[in-house]
Amino acid sequence: MDIHTLFAALKPELHEVTLKNGAVLHIHRPAISNFEKCIDAKSTLLYTVADENGTPIFSDVDEDGKINVNSIDALIVGEINTAVMKLWPKPDEPQVQDQIEKK
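No experiment lies behind these values; they were computed from the predicted model shown. (Residues numbered from 1 in each chain as written. Predicted model: local features only at pLDDT ≥ 70, side-chain atom pairs only at ≥ 80, totals over all residues. Heavy atoms only, no water.)

Enquirer: Before we go on, may I ask you to explain the overall build of the chain in this structure?
Expert: Counting secondary structure elements, the chain contains 5 helices and 5 strands. Start at the N end of the chain and walk to the C end: the helices and strands fall as α-β-β-α-α-β-β-β-α-α. The buried share of the chain, taken over its 103 residues, is 24%. Restricting to contacts in the chain with at least 6 residues of sequence separation, those with at least 24 account for 36%. Here the chain displays about 7,800 Å² of accessible surface, and carbon together with sulfur accounts for 55% of that area. (Helix = DSSP H or I, 4+ residues; strand = E, 2+ residues; numbered from the N terminus. Buried < 20%, exposed > 50% of the residue type's maximum accessible area, 1.4 Å probe, protein only. Contact = heavy atoms within 4.5 Å. Areas by Shrake-Rupley, 256 points an atom, 1.4 Å probe, with all protein chains shown as cover.)

Printed below as a string of structure tokens:
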């Protein structure tokens, strides 16, 4: 078993979101370590928005190399949060157990 291949299959998948000005964000469902921390739109952005390498781009304080989520237009925060919520499967879509090969 190749652990790197396995890890790549298990980590949250990045999805591109293009903002109105053409800037691109990458969103993903939260990793299990951050799942319970996603209690509102602000915290969801902190744990589900990244650059193309999967590195988080938001912080809730002023931090070099990151955007302070507290300074973002609330409407845009809501739009990004909505995009993240759309990453969850709908009741009529295949669930994880349906996607795993049965041997």
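Don't stop here, the text continues.
Enquirer: Before we go on, may I ask you to explain a nonpolar patch on the surface in this structure?
Expert: Where nonpolar side chains cluster on the molecular surface, the patch consists of Met1, Ile3, Leu6 and Leu10 and spans about 500 Å² of accessible area. Structurally, isoleucine 3 can be placed in helix H1 (residues 3–10). Accessibility expressed as a relative area gives 52% for isoleucine 3, which makes it exposed. (Patch = residues over 30% accessible without salt bridge, like charges linked within 9 Å, V, L, I, M, F, W, Y side chains within 5 Å. Salt bridge = Lys/Arg side-chain N within 4 Å of Asp/Glu carboxyl O.)

Enquirer: Which parts of the structure should I look at to understand H1?
Expert: One turn of the α-helix equals 3.6 residues, which is why residues spaced by three or four share an orientation. Counted residue by residue, H1 has 0 buried out of 8 residues, so it is predominantly exposed. Between a side-chain oxygen at the N-terminus of H1 and the backbone nitrogen of histidine 4 the separation is 3.2 Å; the capping residue is aspartate 2. (Polar contact = N/O pair within 3.5 Å; in protein donor to acceptor, adjacent residues only side chain to side chain.)

Enquirer: Looking at this model, I keep getting lost on the packing of aromatic side chains. Mind explaining?
Expert: Pairs of aromatic rings are described using the distance from one ring centre to the other and the angle between the two planes. Within the structure shown, the criterion is met by 1 aromatic pair. Ring centres of phenylalanine 35 and tryptophan 88 lie 6.0 Å apart, and the angle between their planes is 70°; on these two criteria the pair is classed as edge-to-face. Residue phenylalanine 35 is found in helix H2 (residues 32–35), and its partner tryptophan 88 is found in the loop between helix H4 (74–85) and helix H5 (96–99); the two are separated by 53 residues along the sequence. Using a relative accessible area of 43% as the deciding quantity, one classes phenylalanine 35 as partly exposed. (Phe/Tyr/Trp six-rings, centres within 6.5 Å; stacked < 30°, edge-to-face > 60°.)

Enquirer: How should I be thinking about the nonpolar core in this particular structure?
Expert: The nonpolar side chains of soluble globular proteins are, as a tendency, buried together. Among the nonpolar cores identified, the biggest contains 14 residues, and Ile27, Leu45, Val49, Phe58, Val69 and Ile80 are the most heavily contacted of them. Looking at this core, the elements with two or more residues in it are strand E2 (24–27), helix H3 (41–48) and H4. If you tally residues by element for this core, the top one is H4, at 3 residues. Leave out the neighbours within four places in its chain, and isoleucine 80 touches Leu25, Ile27, Leu45 and Val49. (Core = buried A, V, L, I, M, F, W, Y, C linked by side-chain atoms within 4.5 Å.)

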